[in-house]
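Reading the structure
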Amino acid sequence: MFKKIIAILIICLAIYCSFDALLPNTISTIDAPETSFSTQRALIQLKEISKKPHFLGNQAHQEVRDYIVKELEKLGLETQIQEDYSMSQWGNLSKPKNILARIKGRDNSKALLLLSHYDSNPHSSFGASDAGSGVVTILEGVRAFLAENKTPKNDIIILISDGEELGLNGADIFVNKHPWSKDVGLVLNFEARGSGGPSYMLIETNQGNANLMKAFVKANPKYPVANSLAYSIYKMLPNDTDLTRFRADKDIDGFNFAFIDDHFDYHTALDTYERLDRNTLEHQGSYLMPLLHHFSNANLNNVKSTEDYMYFNVPFFKTIIYPFSWIWPMLILAIIGFIGLLIYGFKEKSLNAKDILKGFIPFSLSLVVGGLFTFFGWEILKFLYPQYQEMLHGFTYNGHTYIAAFTCLTLAICFYSYHVFKGSEKPVNLLIAPIVFWLLICVIVALQLEGASFFIIPVYFGLLSLFLMIRQQKPSLILLALLAIPVLFIISPLVKMFPVGLGLKILFASAIFVVLIFGLLVSVFGFLKHKKRWSYFFLVFGIGFLITAHFNSKFTKDTPKPNSLLYVLDTNENTAVWATYDDILDTWTESFLTDNPDRATALSKNTIGSKYKSSFTFTKNAAVKDIAKPKIEISHDTIINGERKVAICVTSRRNAARFEIFSDSTNVFNSFTINGVSAKKDEATGTVFRERLNNRLFSYYVADNEPLDMIFTIPVSQKTSIQVYEATYDLLKNEAFTISPREENMIPKPFILNDAIVTKTKVTLNN
């Protein structure tokens, strides 16, 4: 009994360590040595940067830019502002203003670039985490570095970019238009997609990562959180950072450092100074300082490689790396070892075929039932709590509680399955099925997802457990628990990471990981007599977490409901409507749209650019207000070489924040230039905007009230109309309206055009 308790405690301690090792537990103080990073000093700067939303084009944006410039100049650095127009691949045009500085090194070698962005997401985010945290990490890190009064070997370029939130626009103009870009040998980029949790390291490279990973390990950051699976998944997702432009446009390698937990704060009015996890900011600093010291003196001409390395982090050993070329030899060796142990087990009569086959039943049942129960359980919860749909990023305020709930319920399913299908009295027979499944998974990932091939490491320790259980009828449970530590160190954090990073829709993956971990722990759990009691224990905890989640499912001051409201004026028809993106109206939106709103069928024909391609849901007729429409001039309309060339200038009379431009998706544009930037042509057809799934052409985010100039060519016979949507973010404070502030349990919905006064104007080009 005592040994069983010790074994269970070892398992619990290993799980605790697997999470505890991901983040610093304390933060550096204000009186830390001048040559070291201080989170408290960085927080002073962050408080200034995140006082107001500072999206590209508003007054606070300029104030933040001026503040960062002054902070860099305090360090004795000469700064410059780079500005130019840029069009992103998502059709977002803006004129970012990058902040640049440079520390001169000893040699005429490749430069190290430190990167983050200072613009917040339009229009309500305070940008404390995304990416004020990155800005102050660099400011404080550079201050500490310069305090050493040592000249680095390499130049250090500081780029605090602009327009990242709109489509990596600032990175685009630096990489493709600034002369310093040709000097860059490596980039360290600091980002955020939430307001807390560990910061994950993700490599950006077009080739092999071997040299980068060797250098990362040599630099020896204190709390590395990185695995090659995370980057393999990252590359599959439509999430890019500024660093993407360096890799894609100029083949410049780099490291991303981004935290993703507390995802519910991402791009919202909750991304504030107060809500940023201080330990997370400390974590960013713990990456920057050793990497800055290492790479500022490393040979940055030698970062390229044709070889890829597997990598993952574990407590105490930090980052483990080995070549991709080992994947198949390690897998084949594990399979051969497994077959050898099967032969040995049958020879020793520790294994028998009947009990092994019986052992497949509880494991397979746990895997299928656990995965399906969690998948459909979340679907049922979304039905029972329809308000969760208002959180577009898919992670609710009580999301961590749901992760805990379904982890416990999956464990309850596992224990109960092994209670009902007891099989052999020898637990060694029960270990065969999990190892078979693990080996099958390793074969699949070796073929389809190579970055996850470090999954073979837990298998090796599972084989060692199998060997001990074959040799000894009553092996040491303490030793078996110690052999289970690798699977707990490596896989346990993934149970949380997947739904946090990809949304609660992926909760079923957490359940599958729990079953896979449980399978290798059968070496210990198989010896527990009261599996039914353990099942009930986890069932009670699972239900308890669900009850807790229920009581925390309501929107409150600390967990507010995202909602949306727009006033849309059709200047051609002289009609207006209130509009929303919400599926469920609340007291605030109902006061405009009533409890019987109209479906936004007509308004949704044009989908305004947004992260999740959201469309309007409801509208209601509204009084027509005296809103100044934009000045639209057709300055040029001629036929040249069989094509019709048109020039249109759109000037805002009300300091617009954004223009959205639409034209029927069947219309053909042979060329299109916006404020001097040419839209990319399709090589096959020789036209632009050919892959449109809707009527949207592009978005223009305005700075300094600069007009929108469009020059395009179209077929002579084509009847073309252009629809211009002009938006300002002043709905709640415009004197033409009397709109009460949101209730304290509400915030503006992120990722969409919101709190806006929009005018629609249709321009028809007559033949």
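Residues numbered from 1 in each chain as written. Predicted model: local features only at pLDDT ≥ 70, side-chain atom pairs only at ≥ 80, totals over all residues. Heavy atoms only, no water.

1. A closer look at the sheet that holds strand β2 (residues 86-87)
A sheet is described by the order of its strands in space; here 10 strands give the open sequence β2-β3-β22-β19-β24-β26-β13-β14-β16-β15, paired in mixed fashion. The strands lining the two open edges of the sheet, one partner per strand, are β2 and β15 (598-599). Relative to strand β22 (residues 696-701), strand β3 (residues 92-94) runs parallel, the two sharing two bridges. Pairing of Leu93 across the sheet is with Tyr700, part of β22. (Pairing = 2+ DSSP bridges. Helix = DSSP H or I, 4+ residues; strand = E, 2+ residues; numbered from the N terminus.)

2. Observations concerning empty space enclosed by the protein
Empty space among the atoms can be located by rolling a probe the size of a water molecule over them. Within this structure, the stated rule accounts for seven cavities of 30 Å³ or more. Contributing to the lining of the largest cavity are 13 residues, with Asn227, Asn313, Ile490, Pro493 and Leu494 lying nearest its centre. Breaking the lining of the largest cavity down by element, the ones donating at least two residues are β10 (309-314) and α17 (485-502). Counting residues per element, the lining of the largest cavity draws most heavily on α17, at five residues. Classifying every residue of the lining of the largest cavity by side-chain character gives 11 nonpolar, two polar and no charged. (1 Å grid on protein atoms, 1.4 Å probe; cavity = no way out; pocket = protein on both sides within 12 Å on 5 of 7 lines; lining within 4 Å. Points joined across faces, edges and corners; volume = space filled by probe spheres on them. Nonpolar A, V, L, I, M, F, W, Y, C, P; charged D, E, K, R; others polar.)

3. Observations concerning the side chain of Lys561
Here Lys561 shows up in strand β12 (residues 561-563). Side-chain polar atoms of Lys561 contact the backbone oxygen of Ile584, separated by 3.2 Å. Here Lys561 is in contact with Glu390, Phe555, Asp582, Ile584, Asp586, Asn745, Met746 and Ile747, once residues within four sequence places are set aside. (Polar contact = N/O pair within 3.5 Å; in protein donor to acceptor, adjacent residues only side chain to side chain. Contact = heavy atoms within 4.5 Å.)

4. A word on helix α6 (residues 169-177)
Among the nine residues in α6, seven count as buried, and that is most of the element. Of all the positions in α6, only Asn169, Gly170, Ala171, Asp172, Ile173, Phe174 and Val175 are classed as buried. (Buried < 20%, exposed > 50% of the residue type's maximum accessible area, 1.4 Å probe, protein only.)

5. Some thoughts on the pattern of salt bridges
Applying the stated criterion across every chain yields a total of 33 salt bridges. Between Lys52 and Glu63 there is a salt bridge; the shortest N-O distance is 3.9 Å. Taken together, the residues span a long stretch of sequence, with Lys52 in the loop between α2 (39-49) and α3 (59-74) and Glu63 in helix α3 at a distance of 11 residues. When its relative accessible area of 46% is taken as the criterion, Lys52 is described as partly exposed. For Glu63, a relative accessible area of 38% gives the class partly exposed. (Salt bridge = Lys/Arg side-chain N within 4 Å of Asp/Glu carboxyl O.)

6. A closer look at α17
Under the 1.5 Å per step criterion, the end-to-end length of α17 is 26 Å for 18 residues, consistent within 8% with the ideal 26 Å. At Lys496, α17 shows its largest bend, some 30°, and a proline, Pro499, comes one to four positions later. In terms of residue burial, α17 counts as a mostly covered element, since 16 of its 18 residues are buried. In the segment just after α17, Gly503 is the residue with positive phi, at about 100°. (Expected span 1.5 Å × (residues − 1). Bend = angle between axes of the 7 residues up to and from the residue.)

7. Topic: the pairing of strand β26 (residues 756-765)
Where a strand is regular, its side chains alternate between the two sheet faces. In terms of burial, β26 is largely enclosed, as eight of its 10 residues are buried. As judged from the five bridges shared by strand β13 (residues 566-570) and β26, these two strands associate in the parallel manner. Residue pairing for β26: Asp570 is matched across the bridge by Lys760. As paired strands, strand β24 (residues 720-728) and β26 are joined by nine bridges and run antiparallel to one another. Counterpart to Thr720 in the pairing with β26 is Leu765.

8. What about the sheet that holds strand β21 (residues 677-678)?
Taken together, the five strands give an open sheet; going across it, the order is β17-β18-β23-β20-β21, and neighbouring strands pair in antiparallel fashion. Both edges of this open sheet fall to β17 (631-640) and β21, since each of them pairs with a single strand only. Where β17 lies against strand β18 (residues 643-651), nine bridges are found, and the strand directions are antiparallel. Bridge pairing links Ile634 to Ile648 in β18.

9. A word on unusual backbone geometry
Here the residue pair Pro122 and His123 is connected by a cis peptide bond, since its omega of -5° sits within 30 degrees of zero. Tracing the chain through its elements places His123 in the loop between β5 (111-117) and α4 (128-146). Going from Asp130 to Ala131, the amide bond is cis rather than trans, its omega being -5°. Mapped onto the fold, Ala131 is located in helix α4. Of note in the backbone geometry, His267 takes a positive phi value of approximately 65° without being a glycine. Within the secondary structure, His267 sits in the loop between β9 (254-261) and α10 (278-295).

10. Examining the packing of helix α11 (residues 327-347) against helix α14 (residues 432-448)
One can describe the packing of α11 onto α14 by two numbers: an axis separation of 11 Å at closest approach and a directional angle of 160°. As judged from the angle between their axes, α11 and α14 are roughly antiparallel. Considering the relative orientation of α11 and α14, their crossing is left-handed. Across the interface between the two elements, Ile327, Trp328, Leu331, Ala334, Ile335, Phe338 and Leu342 of α11 pack against Ile432, Ile435, Val436, Leu439, Cys442, Val443, Ala446 and Leu447 of α14. Looking at the contact of α11 with α14 residue by residue, the class counts come to 15 nonpolar, no polar and no charged. (Axes fitted to C-alpha atoms, helices over the stretch in contact; angles between N-to-C directions. Parallel < 35°, antiparallel > 145°, perpendicular 65-115°, else oblique. Left-handed = near helix turned anticlockwise from the far one by under 90°.)

11. Looking at the packing of aromatic side chains
Evaluation of the coordinates by the stated rule reveals 55 aromatic pairs. Note on Tyr397 and Phe555: the rings are 6.5 Å apart at their centroids and 85° apart in plane angle, and the pair reads as edge-to-face. Pair noted here: Tyr397 is in the loop between α12 (353-384) and α13 (399-420) and Phe555 is in the loop between α20 (531-551) and β12, with a separation of 158 residues, a long-range link. Here Tyr397 falls in the buried class, since its relative accessible area comes to 13%. (Phe/Tyr/Trp six-rings, centres within 6.5 Å; stacked < 30°, edge-to-face > 60°.)

12. Comments concerning the environment of Ile68
Within the fold, Ile68 resides in helix α3. Ile68 sits in the buried class, given a relative accessible area of 0%. Through-space distance from the C-alpha of Ile68 to that of Asp251 is 29 Å; in sequence the pair is 183 residues apart. Beyond its immediate sequence surroundings of up to four residues, Ile68 is in contact with Ile49, Ile99, Tyr118, Val135 and Ile160.

13. Let's talk about the environment of Val445
Structurally, Val445 is set in helix α14. Ignoring any residue separated from it by four or fewer positions in sequence, one finds Val445 in contact with Glu450, Ala452 and Ser453.

14. Comments concerning the packing of α12 against α13
Packing of α12 against α13 brings their axes to within 9 Å, and their N-to-C directions diverge by 150°. When the axes of α12 and α13 are compared, the pair comes out roughly antiparallel. With respect to the hand of their crossing, α12 and α13 are arranged in right-handed fashion. From α12, Gly359, Pro362, Phe363, Leu365, Ser366, Val369, Gly370, Phe373, Thr374, Gly377, Trp378 and Leu381 reach across to α13, where they touch Tyr402, Phe406, Leu409, Thr410, Ile413, Cys414, Ser417 and Tyr418. Its residues assigned to classes, the contact of α12 with α13 shows 13 nonpolar, seven polar and no charged.

15. Observations regarding the pairing of β9
Burial runs high along β9: eight of the eight residues are buried. Here β9 shows a buried face lined by Gly254, Asn256, Ala258 and Ile260 and a second buried face lined by Phe255, Phe257, Phe259 and Asp261. Pairing analysis gives six bridges linking strand β7 (residues 184-192) to β9, with the strands arranged parallel. Following the sheet pairing, Ala192 is matched in β9 by Phe259. Inspection of the sheet shows strand β8 (residues 196-204) paired to β9 by seven bridges, in the antiparallel sense. Paired with Met201 across the two strands is Phe257, which belongs to β9.

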